[in-house]
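Residue-level listing of the chains:
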Amino acid sequence: MELSGGVALVTGGAGGLGEATVRRLAEAGAKVVIADLAEDRGEKLAKELGESAVFVRTDVTDEDSVLAALDAAATLGPLRVAVSAHGGPVAKSRVLDREGNPYALDLFRRTVDIYLTGTFNVLRLAASFMARNEPNESGARGVIVNTASIAAFEGQIGQSDYSAAKGGVVGLGLVAARDLSPLGIRVMTIAPGTFFTPAFGIPEEQAQQAWGDKVPFPRRMGRPAEYGALVQHIAENDYLNGEVIRIDGAQRFGPK
Ligand SMILES: NC(=O)c1ccc[n+]([C@@H]2O[C@H](COP(=O)([O-])OP(=O)(O)OC[C@H]3O[C@@H](n4cnc5c(N)ncnc54)[C@H](O)[C@@H]3O)[C@@H](O)[C@H]2O)c1
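Residues numbered from 1 in each chain as written. Predicted model: local features only at pLDDT ≥ 70, side-chain atom pairs only at ≥ 80, totals over all residues.

As a further point, take the environment of Arg132. Examined against the element boundaries, Arg132 turns out to sit in the loop between α4 (105–130) and β5 (142–147). Arg132 sits in the exposed class, given 12 other C-beta atoms within 10 Å. On a C-alpha basis, the gap between Arg132 and Gly158 in space is 43 Å, while along the polypeptide they are 26 residues apart. (Helix = DSSP H or I, 4+ residues; strand = E, 2+ residues; numbered from the N terminus. Buried ≥ 20, exposed ≤ 12 C-beta atoms within 10 Å, placed from the backbone.)

Around the ligand sit 29 residues, and of these Gly12, Gly15, Gly16, Gly87 and Thr197 come closest. When contributions to the shell around the ligand are tallied by element, the ones reaching two or more residues are α1 (16–27) and α4. Here the residues of the shell around the ligand are counted per class, giving 12 nonpolar, 15 polar and two charged. (Near = placed C-beta within 6 Å. Nonpolar A, V, L, I, M, F, W, Y, C, P; charged D, E, K, R; others polar.)

Here we take up the packing of helix α3 (residues 63–74) against α4. Packing of α3 against α4 brings their axes to within 10 Å, and their N-to-C directions diverge by 35 degrees. Considering how the two elements wind past one another, α3 and α4 form a crossing that is right-handed. In this structure, α3 uses Glu63, Val66, Leu67, Leu70 and Ala74 to contact α4, whose residues at the interface are Asn121, Val122, Leu125, Ala126 and Phe129. Of the residues that constitute the contact of α3 with α4, the class distribution is eight nonpolar, one polar and one charged. (Axes fitted to C-alpha atoms, helices over the stretch in contact; angles between N-to-C directions. Left-handed = near helix turned anticlockwise from the far one by under 90°. Contact = placed C-beta atoms within 7 Å.)

Turning to unusual backbone geometry, a few remarks are in order. Cis peptide bonds are those with omega within 30 degrees of zero, and the linkage from Phe217 to Pro218 qualifies with -5 degrees. Position of Pro218 among the secondary structure elements: in the loop between α6 (204–210) and α7 (224–236). We note that Ala250 has phi near 70 degrees; this positive angle belongs to a residue other than glycine. With respect to the helices and strands, the residue Ala250 is situated in the segment after β7 (244–247).

In terms of residue burial, β5 counts as a mostly covered element, since six of its six residues are buried. Residue alternation in β5 divides its side chains into two sets, Gly142, Ile144 and Asn146 and Val143, Val145 and Thr147, and both sets are buried. Running through α4, the crossover from strand β4 (residues 79–84) to the neighbouring parallel element β5 is right-handed. In terms of strand pairing, β5 meets strand β6 (residues 185–192) through six bridges, oriented parallel. Note on β6: the bridge partner recorded for Asn146 is Thr189. (Right-handed = clockwise from strand over helix to strand, strands pointing away. Pairing = 2+ DSSP bridges.)

A residue-level look at the chain finds 100% of positions with pLDDT of 70 or above and a mean pLDDT of 97. When the elements of the chain are averaged for pLDDT, α6 gives the smallest value, 94, and β6 the largest, 99. (pLDDT = per-residue confidence, 0-100.)

A separate point is the environment of Thr58. The residue Thr58 is located in the loop between β3 (53–57) and α3 in this model. Separated by 67 residues in sequence, Thr58 and Leu125 have C-alpha atoms that sit 13 Å apart. Residues contacting Thr58, with those up to four places away along its chain left out, are Thr11, Ala35, Asp36, Leu37, Ser65, Val66 and Ala69.

What follows concerns the nonpolar core. Ranked by size, the top nonpolar core spans 66 residues in total, and within it Leu9, Val32, Val33, Ile34 and Ala126 carry the most contacts. Broken down by element, this core gets its largest block of residues, nine residues, from α4. (Core = buried A, V, L, I, M, F, W, Y, C linked by C-beta atoms within 7 Å.)

Okay, helix α2 (residues 39–49) next. Of the residues making up α2, those classed as buried are Gly42, Leu45 and Ala46. Take α2 and look down its axis: the buried residues cluster within an arc of 100 degrees, on one side only. Seen from the open side of α2, the exposed residues pointing more than 90 degrees away from its buried face are Asp40, Lys47 and Glu48. Where the residues of α2 are buried, they touch α1, β2 (31–36) and β3. One or two residues past the end of α2 sits Gly50, with phi positive at roughly 60 degrees. (Arc of directions from axis to C-beta.)

With 21 residues, helix α5 (residues 160–180) ought to run about 30 Å at 1.5 Å a step, and its terminal C-alpha atoms sit 30 Å apart, in line with that. At Gly173, α5 is bent by approximately 30 degrees, the largest bend along its length. Of all the residues in α5, the buried ones are Asp161, Tyr162, Ser163, Ala165, Lys166, Val169, Gly173, Ala176 and Leu180. For α5, the secondary structure elements touched by its buried residues are α4, β5, β6 and β7. (Expected span 1.5 Å × (residues − 1). Bend = angle between axes of the 7 residues up to and from the residue.)

Printed below as a string of structure tokens:
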């Protein structure tokens, strides 16, 4: 899929992995819609990138909000790429806490709503826009990239909601690729290990010590630019479809 001349939508585009993706896709010649809740960071990035990007305040859990972002994308050209890289708050607590209290059901629902339902919301609506594209010479209309996590496979203690949501994103990938194959729309999933982003909420040095030292090689946290480079490769390589790619320096989470 040729990026130049096409449009990409990146949810969480003002966050760590999302911003790196926005920059990478813009450098490759796409016009990018930064779809994020964070107005200050999103507007700032769009301003910096000039004609290559626009910011649209977007809540991935809301149908009208995602449709508004896609409408904005449609004014720039054909939507070729949609990347779900939004985050959200994650509570960390065991299924039963030390006092035996069960995990709060509303917290579990909220996490699934943002990470899984939000991803599906973006996927289904982006696909409906891509379906209107003229196919290229290979019959391709677009590519959707979802973000899971290695916690989808090795959920750590206290990650029940997050791991379940990310496992759902993994499960969604193949069926969506199959469903959308008659239209020439590919669906890929990236499962990152630990990448230093604002989501960690601590200084980089501290995060590197806590997380980077546990990565076999390279012995450091991932760089958001490495995630962005993978998104670009997926977008450009037509034979990648219906698969999950781990990008984790061979990291495998233990229980803690
Ligand atoms: N950083 C990592 O190590 C890592 C590892 C595995 C998976 N991931 C996944 O990658 C994605 C991005 O993570 P990150 O580290 O870049 O996080 P981040 O916190 O840096 O960025 C997330 C962005 O999503 C936005 N957002 C939150 N709720 C939203 C909503 N309802 N609608 C639209 N935007 C919303 C935030 O404003 C923020 O800009 C997440 O899904 C995360 O689970 C990250």
